[in-house]
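# Commentary on secondary and tertiary structure
This is what each chain is made of:
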Amino acid sequence: MASQTVENYIKAIFQLTEREGGSVSTSAISQQLATSAASVTDMLKKLAEQKLIAYVKYRGVHLTPGGKSMAVEMIRKHRLWETFLHDKLAIGWDAVHEIAEQLEHVQSATLIDQLDAFLGYPKFDPHGDPIPDANGKFTLRNQVLLNTLQEGDQAQVVGVREHDADFLKYLDSRALHINASLLIKEKQSYDGSVRVETAGGAETLLSSKAAQNIYVKKNLN
């Protein structure tokens, strides 16, 4: 049975690999986990001894098949708990992450399978992230970042890259929740800001940073 610290490291490496591709640097792990580079180096040596990662000093880290399997299991538990907290307990999508960070360390595979069944085998969590099934398979879909759309394009919000609570509250204040429909009214070439029209005809101006962190599915006319 892996410790919570080991699980946190493995999950962080998996997420960084998905985001950046290739091997993951020690500094990136340090930043992700808000811990010192020296502590990260010590832990990576232990993870390598457990054959959860392949680690070459100065060349980066990648997960072994065993490490990847552990990471996917952690991701599954985390996203299922987020879905339960949001859908069944009505906790806002800006608050579920921190709670799920604690619940994801539950070790009972039977409980997680029952939770999955209770929720109806959801494919995506409240942030639009895919939930791996019991076999570790993710459901993929066509999605693009909002900032890649052009004026006149219509789309539906399907996910977010950034899970920061302040960012999610920012989206809520602009009615840009999951499944929200929008129309690109204007794109500013100067600063990358985007003016969108949401359901009901309300318009809002999104910063370039916000537009780069919202996943949408473009409507095909």
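Coordinates for the structure precede this section.
First things first, this report covers the structure right here in the doc. Because the structure is predicted, anything quoted here is derived from the model rather than measured. (Residues numbered from 1 in each chain as written. Predicted model: local features only at pLDDT ≥ 70, side-chain atom pairs only at ≥ 80, totals over all residues. Heavy atoms only, no water.)

## Details of the nonpolar core
Ranked by size, the top nonpolar core spans 22 residues in total, and within it Ile10, Ile13, Ile29, Leu44, Leu47 and Ile53 carry the most contacts. At the level of secondary structure, the elements contributing two or more residues to this core comprise helix 1 (4-20), helix 2 (26-33), helix 3 (37-49), strand 1 (53-56), strand 2 (60-63) and helix 4 (65-87). Of the residues forming this core, the biggest block, 6 residues, is contributed by helix 1. Each residue touching Ile53, except ones within four places of it in the same chain, is listed here: Ile10, Ile13, Leu44, Leu47, Ala48, Val61, His62, Leu63 and Thr64. Leu146, Ala155, Val196 and Ala210 belong to the second-largest nonpolar core, a separate cluster that totals 20 residues. (Core = buried A, V, L, I, M, F, W, Y, C linked by side-chain atoms within 4.5 Å. Buried < 20%, exposed > 50% of the residue type's maximum accessible area, 1.4 Å probe, protein only. Helix = DSSP H or I, 4+ residues; strand = E, 2+ residues; numbered from the N terminus. Contact = heavy atoms within 4.5 Å.)

## Considerations on the pattern of salt bridges
Applying the stated criterion across every chain yields a total of 8 salt bridges. Salt-bridge contacts for Arg76 lead to Asp113; the nearest nitrogen and oxygen are separated by 3.2 Å. Taken together, the residues span a long stretch of sequence, with Arg76 in helix 4 and Asp113 in helix 6 (residues 109-118) at a distance of 37 residues. A relative accessible area of 10% means that Arg76 is categorised as buried. Assessed through its relative accessible area of 37%, Asp113 is described here as partly exposed. (Salt bridge = Lys/Arg side-chain N within 4 Å of Asp/Glu carboxyl O.)

## Section: the sheet that holds strand 5 (residues 181-187)
With antiparallel pairing, 6 strands are arranged side by side in an open sheet as 3-8-4-5-6-7. Across the chains shown, the open sheet's two edge strands, defined by having one partner strand only, are strand 3 (144-145) and strand 7 (203-206). Bridge analysis of strand 4 (residues 154-160) against strand 5 gives 3 bridges, and the strand direction is antiparallel. Across the sheet, the residue bridging to Gln156 is Ser181, located in strand 5. Along the sheet, helix 7 (residues 165-172) contacts strand 4, strand 7 and strand 8 (214-218); its crossing angle with strand 4, the most-contacted strand, is approximately 155 degrees. (Pairing = 2+ DSSP bridges. Axes fitted to C-alpha atoms, helices over the stretch in contact; angles between N-to-C directions.)

## Notes on unusual backbone geometry
Phi at Lys51 is positive, roughly 60 degrees, even though this residue is not glycine. Looking at the element boundaries, Lys51 is found in the loop between helix 3 and strand 1. For Tyr121, which is not a glycine, the phi torsion comes out positive at approximately 55 degrees. Position of Tyr121 relative to the elements: it lies in the loop between helix 6 and strand 3.

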